[in-house]
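Take a look at the letters that make up each chain.
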Amino acid sequence: MIRAGVLALVFAVAGGSAEAQVPELAVAPVPDARFRPRLAIGPVLADSSLQAAARGGLPLRIRVRVELWQDKFLDDLRAEHVLDYTVTFDPMGERYILRRPEGLAAFGSWEALRAVVETVTVLRMAPTGEGRFYYTATLEVETLSASDLDELQEWLQGELRPAVSGERSIASAVGQGAKRLFIRLLDLPARRVEVRSGRFRVPPA
């Protein structure tokens, strides 16, 4: 499997559990490919709570952002690349649906889905001039996006305003307050990983 095989080879992981020792995220320049970034997504979906959330009806949003920075007195952002994935579960077909820029794909098992998401890719971005550079990569896995949470907060606040103005009973407001507390206590699974490559020099053309 790519997750345990290719990633272990790329990052020279030796001994112990391969999945436990493979980094969740890594980025490094490839000198033979015009210093394009090799992005390796490791076992970020190994957490069983993420699978349980998907099977429970919560969509998983996976976003990876890779940035190319030029090393200066004030570092300069030169390019960026974003990968967006959404995972949902189809209970009728007992399959996971992956939405990505290439289109839709369906998988009969969580492991099959992971084998596609957790992979090594050389991205089509690269420095366009000479100098010292480095890459950063950020990966986020969440079941509710920031916009979803903002909408939820606005909805809860809107439910409480009528009670304050006397248009709704205090009992109803207490019920909504309990709902707000419930939302705050939700421990929805999420992951965020940030990594940075070593600095590298691009020679003059």
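Residues numbered from 1 in each chain as written. Predicted model: local features only at pLDDT ≥ 70, side-chain atom pairs only at ≥ 80, totals over all residues. Heavy atoms only, no water.

I'm lost on the overall build of the protein in this one. Help?
A tally of helices and strands in the protein yields six helices and 10 strands. Sequence separation of 24 or more characterises 64% of the internal contacts of the protein that already satisfy a separation of 6 or more. Accessible surface, the protein as shown: approximately 11,700 Å² in total, 54% of it carbon and sulfur. (Helix = DSSP H or I, 4+ residues; strand = E, 2+ residues; numbered from the N terminus. Contact = heavy atoms within 4.5 Å. Areas by Shrake-Rupley, 256 points an atom, 1.4 Å probe, with all protein chains shown as cover.)

Where do I start with the pairing of strand β6 (residues 103–107) in this structure?
Pairing geometry for strand β5 (residues 95–100) and β6, over five bridges, is antiparallel. Paired with leucine 98 across the strands is alanine 105, a residue of β6. Between the end of β5 and the start of β6, which pair antiparallel, lie two residues. (Pairing = 2+ DSSP bridges.)

Quick question: what am I supposed to make of the packing of aromatic side chains here?
Using the criterion set out here, one finds five aromatic pairs in the structure. Aromatic side chains phenylalanine 35 and phenylalanine 200 sit 5.4 Å apart centroid to centroid with 10 degrees between the ring planes, which places their arrangement in the stacked category. Of this pair, phenylalanine 35 sits in the loop between β1 (25–30) and β2 (36–41) while phenylalanine 200 sits in strand β10 (residues 200–202), and the two are 165 residues apart along the sequence. In this structure, phenylalanine 35 and phenylalanine 200 share a single accessibility class: buried. Among the aromatic residues, ring-to-ring pairing joins Phe35, Phe133, Tyr135 and Phe200 into one connected group. (Phe/Tyr/Trp six-rings, centres within 6.5 Å; stacked < 30°, edge-to-face > 60°. Buried < 20%, exposed > 50% of the residue type's maximum accessible area, 1.4 Å probe, protein only.)

Sorry, what's going on with the sheet that holds β1 here?
Across a sheet, strands are paired by hydrogen bonds formed along the backbone, either parallel or antiparallel in direction. Strand order in this open sheet of three strands is β1-β2-β7, and the pairing throughout is antiparallel. At either margin of the open sheet sits one strand with a lone partner, and together these are β1 and β7 (120–122). On average, each strand axis in the sheet is inclined to that of its neighbour by 20 degrees, with strand direction left out of account. One ladder, built from three bridges, connects β2 with β7; its direction is antiparallel. For arginine 38, the partnering residue across the bridge sits in β7 and is valine 122. (Axes fitted to C-alpha atoms, helices over the stretch in contact; angles between N-to-C directions.)

Just checking my understanding: could you explain the pairing of strand β3 (residues 60–70) for this structure?
Along any regular strand the residues' side chains alternate between the sheet's two faces. In terms of strand pairing, β3 meets strand β4 (residues 76–90) through 11 bridges, oriented antiparallel. Bridge pairing links glutamate 67 to glutamate 80 in β4. Following β3, the chain reverses through five residues before pairing antiparallel with β4. Direction of pairing for β3 relative to strand β8 (residues 131–142): antiparallel, over a ladder of 10 bridges. Opposite leucine 68, over in β8, you have tyrosine 135 as the bridge partner.

Is there a simple way to think about the confidence of the model for the protein in this case?
It should be kept in mind that the predicted coordinates are not to be read in detail where pLDDT is low. For the protein, the average pLDDT comes to 78, and 68% of its residues sit at 70 or higher. Segment residues 1–17 is flagged for pLDDT under 50; beyond a separation of four residues in sequence, or across chains, it makes 34 contacts in the model. (pLDDT = per-residue confidence, 0-100.)

Sorry, what's going on with helix α4 (residues 110–117) here?
Residues spaced three or four apart along an α-helix point in a common direction, a consequence of the helix completing one turn every 3.6 residues. Listing the buried residues of α4 in full gives Trp110, Leu113, Arg114 and Val117. Taken down its axis, α4 places every buried residue within 100 degrees of arc, on the same side. (Arc of directions from axis to C-beta.)

Is there a simple way to explain helix α3 (residues 48–55) in this structure?
Residues Leu50, Ala53 and Ala54 constitute the buried set of α3. Projection of α3 onto a plane perpendicular to its axis shows the buried side chains occupying an angular sector of 100 degrees, all on one side. Looking at the buried positions of α3, the neighbouring elements they touch are β3, β4, β5, α4, β8 and β9 (190–196). With its phi angle positive at about 105 degrees, glycine 57 sits one or two positions after the end of α3.

Help me understand the nonpolar core in this model?
One broad rule of soluble globular proteins: the nonpolar side chains tend to lie buried together. Core analysis: the largest hydrophobic core is formed by 35 residues, its most contacted members being Leu39, Leu45, Val66, Val87, Trp110 and Leu113. The residues touching leucine 39, leaving out its near neighbours within four places in the chain, are Leu25, Ala26, Val64, Val66, Leu83, Thr119, Val120, Thr121, Leu123 and Ala137. (Core = buried A, V, L, I, M, F, W, Y, C linked by side-chain atoms within 4.5 Å.)

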